[in-house]
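# Structural overview for review
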Amino acid sequence: MFAYARSLLNSVFPKKRSLEEDQDDQSLEHQTKKLKMEETTVADTNPEAQPATVAVEPTLIYRVKVNNLPVRDVAGTKKFLTKLGYPRFKKAPEWNYAYISFNTKEEAEKAKEQLDGQKFKKDILEAEVVIATEDSYRKRFMSKASEKKQKEEEANDTRTPSEKLADQVTPLHKVPYEKQLQQKERVGIKHLSTLKRTIANLKDITEKGRKEIEWARQPGALPCPISSIIPSPEINGYRTKCEFTIGKDLDGRRTVGFLLGLYRAGITAVLEPSECLNVSTTAKRIAKAMGDYVRASEYDVYDRSTKTGVWRTLMTKTQRTGDNMVVVQMRSEDLKPEQVEAEKANLIAYWDSFKDKPEDEKIVVTTLLFQIWNGDANGITDKAPTEVLTGDGYVYEELLGCRFRISSSAFFQVNTPATELLYAKCAEWCNIDKTKKTTLLDLCCGTGTIGITMAKSVDRVVGIEMVPEAIVDAKANAERNNITNVEYFASKVEDRIDIVTNATNEEVVAILDPPRNGVHASVIRAVRESSKINKVIFISCDAKQAMANFTALCRPQSNRFKGVPFKPTKAISIDLFPHSDHSELMIEFERIELPTEDEEKMKENEKEEETTTIKIETIETTVEETIVEAKAASPVESVTEVETTVETVVETEVETQE
Ligand SMILES: C[S@@+](CC[C@H](N)C(=O)[O-])C[C@H]1O[C@@H](n2cnc3c(N)ncnc32)[C@H](O)[C@@H]1O
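This structure is a prediction, so every number in the text was calculated from the model and none was measured.

Each value, and the rule that gives it
Residues numbered from 1 in each chain as written. Predicted model: local features only at pLDDT ≥ 70, side-chain atom pairs only at ≥ 80, totals over all residues. Heavy atoms only, no water. Helix = DSSP H or I, 4+ residues; strand = E, 2+ residues; numbered from the N terminus. Buried < 20%, exposed > 50% of the residue type's maximum accessible area, 1.4 Å probe, protein only. Contact = heavy atoms within 4.5 Å. Areas by Shrake-Rupley, 256 points an atom, 1.4 Å probe, with all protein chains shown as cover. UniProt positions renumbered as here; feature names shortened; annotations may be inferred. Salt bridge = Lys/Arg side-chain N within 4 Å of Asp/Glu carboxyl O. Near = heavy atom within 4 Å. Polar contact = N/O pair within 3.5 Å; in protein donor to acceptor, adjacent residues only side chain to side chain. Nonpolar A, V, L, I, M, F, W, Y, C, P; charged D, E, K, R; others polar. Core = buried A, V, L, I, M, F, W, Y, C linked by side-chain atoms within 4.5 Å. Domains from an automatic or database assignment. 1 Å grid on protein atoms, 1.4 Å probe; cavity = no way out; pocket = protein on both sides within 12 Å on 5 of 7 lines; lining within 4 Å. Points joined across faces, edges and corners; volume = space filled by probe spheres on them. Pairing = 2+ DSSP bridges. Axes fitted to C-alpha atoms, helices over the stretch in contact; angles between N-to-C directions. Parallel < 35°, antiparallel > 145°, perpendicular 65-115°, else oblique. Left-handed = near helix turned anticlockwise from the far one by under 90°.

### Thoughts on the overall build of the protein chain
Along the backbone of the protein chain there are 20 helices and 21 strands. Here the protein chain holds 658 residues, and 48% of them are scored as buried. Look at the contacts in the protein chain between residues 6 or more apart in sequence, and 71% of them connect residues 24 or more apart. Total accessible area on the protein chain stands at roughly 31500 Å², and carbon and sulfur atoms take up 51% of it.

Written out as structure tokens, the structure is:
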């Protein structure tokens, strides 16, 4: 009888689901499972990981080996390294060390500096930078079984080499564009829900901290609204920058194109990009013409395994203004200076000859650059100078009514029409109040595009960028577009956090458009501590990797993260990379508003009164409903008995709840 009444009550007072249960609801779980697969590919073929090569090109892996870690305590190590900004590492339980991978030597050295000498548990950590070839790295971490499986898969692979290359460079090329967009939209949703869950599940949070992350503890999967993905206006041939390898194809013929990504007995095959949908017709034509040139050359192409040969890399920047930059890289160790000079003259004459060709073969190279590189790393490098052979050494691009100069080493988004949509949306979200004096912090500003296109609606723009050539471009770009309220700093943002911290004006808005792995944690700390910044627009081309930044921006205040935290308020994905599995995710973060002490007290009182009233009202209704239901469902029992029992249970409920 009592159980019956209890079950009736349970149907009216359902057991409260935890927030975690709410978040993990069926549909999301299903979505997450589906997305797990996508997630793995995101990390492997990120557009900015290999912005120029498109194909998987890196041959050197930069890792930091962290020694003196506790054996077995992987969870503790994860907590410790995540706190320092390194959530991804490799450690087997029996190792007393871990490996953290980086894209560049500089990043690895920085991490080494940070980790070396840190105290963890009872030990002082020792960190060292380890550089390995991708091949040896793969062997080190690939088990015999997976190596065998891969070999079997390769043997059963019936695709032509061109198809393999297309699958590698543009993995979604067979998926209808509408479906690609749906897939990318789901990825954005998944990242947002991960952010919410990560914040909600943070451990050791004080009562005050809980209030700061109240938004993450609300029911529902998403922390903020996400708008429909913005498609790319152009879906084929949109890439303005490509970096091609000069090597040999599967038949040993000298070829200019992308690495097929297969290593067979030290041989790396290069294939023409003819089937790659994202490469522009001009870039394909340039690659083909350079192929003809190296085939006719008396010098061989560079061989990565023996480190011999001459022709190494070709980079193209093909803008919609009609400007085309070609950068040719060679190894000169075996050549005499006069042979190098003769080759430069040949290249000038060669590219010049394409200006007068029939329309379908015509190539107008507006600037030709040349780089000598005898080092190991592959690709155009900033460690060697680039010589301008023809033109002024720049290409120019039009974007949102402004004209931008781009040098060979400067970053510029590779899909111009989609970038216009991204920046226009970013400006809309900045929602600049023109009656107020606003400073716009353009962090990781590249050639200054975002700040310059928005400069007229703000009082001041401050741009920080680590590539000095890009800052020279940014200054020239501001001048060219008659923008006078900008200031630029050639530095890593983390080395000039004073600029972030000291930014003052009536309003300060920060736009963070970092590389795929985000910014150093100190930048996020500076943004949080700069009380004038109330809005951050974060543009990320790899939200999975930027998650540590998002979390750092939103986590409650602590000794390490001071300053009132932010919360995500809206988000949108923009597809800058059709046929690849990447897109940009833009998130608006706003500083949370904490109630004052008085407001807090008033709220508490109101809440208490409200809860009591609601509970009493609910209980009254419940008693009535329950009695009616009980009467209907229990003809054999005495109605009075049912009434009494139900009332007893309700009273007990009231007592416990109050
Ligand atoms: C995704 S790009 C964005 C550039 C620019 N906002 C644009 O849209 O053209 C990232 C830029 O951050 C720069 N960068 C990378 N790490 C940096 C750091 N630690 N400090 C400052 N700039 C950095 C890169 O050189 C690159 O220009």
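### Considerations on the UniProt feature "binding site: S-adenosyl-L-methionine" (unreviewed entry) in the protein chain
UniProt marks Gln413, Glu465 and Asp513 with the feature "binding site: S-adenosyl-L-methionine" (unreviewed entry), using the numbering shown here. In this fold, glutamine 413 is placed in the loop between β14 (402–407) and α13 (416–430). Residue glutamine 413 is classed as buried on the basis of its relative accessible area of 2%. With residues near it in sequence (within four places) discarded, aspartate 513 still touches Gln413, Tyr423, Leu443, Cys444, Ile450 and Ile539.

### Observations regarding the UniProt feature "domain: RRM" (unreviewed entry) in the protein chain
UniProt feature "domain: RRM" (unreviewed entry): in the numbering of this structure it lies at residues 96–122. Taken end to end, residues 96–122 is 41% helix and 30% strand, and its two terminal C-alpha atoms sit 13 Å from one another.

### Comments concerning the pattern of salt bridges
Applying the stated criterion across every chain yields a total of 28 salt bridges. Between aspartate 116 and lysine 112 there is a salt bridge, with the nearest N and O atoms lying 3.9 Å from each other. Overall, the relative accessible area of 35% leaves aspartate 116 in the partly exposed class. Judged by relative accessible area, which is 28%, lysine 112 ranks as partly exposed. The closest approach of N and O atoms between arginine 460 and glutamate 487, which form a salt bridge, is 2.9 Å. Of this pair, arginine 460 sits in strand β16 (residues 460–465) while glutamate 487 sits in strand β17 (residues 486–490); the two residues are 27 residues apart in sequence, bridging distant segments of the chain. Judged by its relative accessible area of 29%, arginine 460 is partly exposed.

### Points about the site of the ligand
The immediate surroundings of the ligand are formed by 19 residues, with Tyr423, Glu465, Val493, Glu494 and Asp513 found nearest. In this structure, an oxygen atom belonging to the ligand sits 2.3 Å away from a side-chain N or O atom of tyrosine 423. When the residues that make up the shell around the ligand are grouped by side-chain class, the tally is ten nonpolar, four polar and five charged.

### Side note on unusual backbone geometry
For residues besides glycine, phi is generally negative; the peptide bonds are generally trans as well. With a phi close to 70°, asparagine 68 is a non-glycine residue in the positive phi region. Position of asparagine 68 among the secondary structure elements: in the loop between β1 (60–67) and α4 (74–83). Positioned with a positive phi, cysteine 444 is a non-glycine residue whose angle comes to about 70°. Looking at where cysteine 444 falls in the secondary structure, it is placed in the loop between β15 (438–443) and α14 (449–454).

### Considering the nonpolar core
Residues Cys430, Ile511 and Met586 are the most contacted members of the largest nonpolar core, which totals 45 residues. Sorting elements by how many residues they give to this core places α13 first, with six residues. Structurally, this core is a two-domain feature, drawing no fewer than three residues from each of domain 3 (176–238 + 415–594) and domain 4 (241–397).

### Remarks on empty space enclosed by the protein
The tally for this structure, following the rule as stated, stands at four cavities of 30 Å³ or more. In this structure, the largest cavity spans a volume of roughly 130 Å³. Together, 15 residues line the largest cavity, and Val187, His191, Cys541, Ala543 and Ser583 are the ones closest to its centre. Elements with a minimum of two residues in the lining of the largest cavity: α9 (177–200), α18 (543–554) and β21 (584–591). In terms of residues, the lining of the largest cavity owes the most to one element, α9, which gives four residues.

### Topic: the sheet that holds β15
Read across the sheet, seven strands follow the order β17-β16-β15-β18-β19-β21-β20 without closing on themselves; strand pairing throughout is mixed. With partners counted over all chains shown, the strands left at the sheet margins are β17 and β20 (566–574), one partner each. Across the sheet, the mean angle separating the axes of adjacent strands is 15° when strand polarity is ignored. Here six bridges tie strand β19 (residues 533–540) to β21, and the two strands are oriented antiparallel to one another. Among the inter-strand pairings, isoleucine 537 is bridged to a residue of β21, identified as glutamate 588. On top of the sheet, helix α17 (residues 521–529) reaches β15, β18 (507–512), β19, β20 and β21; it is set at about 150° to β19, its chief contact.

### Topic: α18
Burial runs high along α18: nine of the twelve residues are buried. For α18, the full list of buried residues reads Ala543, Ala546, Met547, Asn549, Phe550, Thr551, Ala552, Leu553 and Cys554. As for α18, its buried residues are in contact with α9, α17, β19, β20 and β21.

### Topic: the packing of helix α11 (residues 281–296) against helix α12 (residues 337–352)
With their axes 12 Å apart at the nearest point, α11 and α12 run at an angle of 135° to one another. As the angle between them shows, α11 and α12 are arranged oblique. Considering only the axes of α11 and α12, their crossing is right-handed. Side by side, α11 and α12 meet where Ile286, Ala289, Met290, Asp292 and Tyr293 of the first sit next to Glu343, Asn346, Leu347, Tyr350 and Trp351 of the second. Grouping the amino acids of the contact of α11 with α12 by side-chain chemistry returns seven nonpolar, one polar and two charged.

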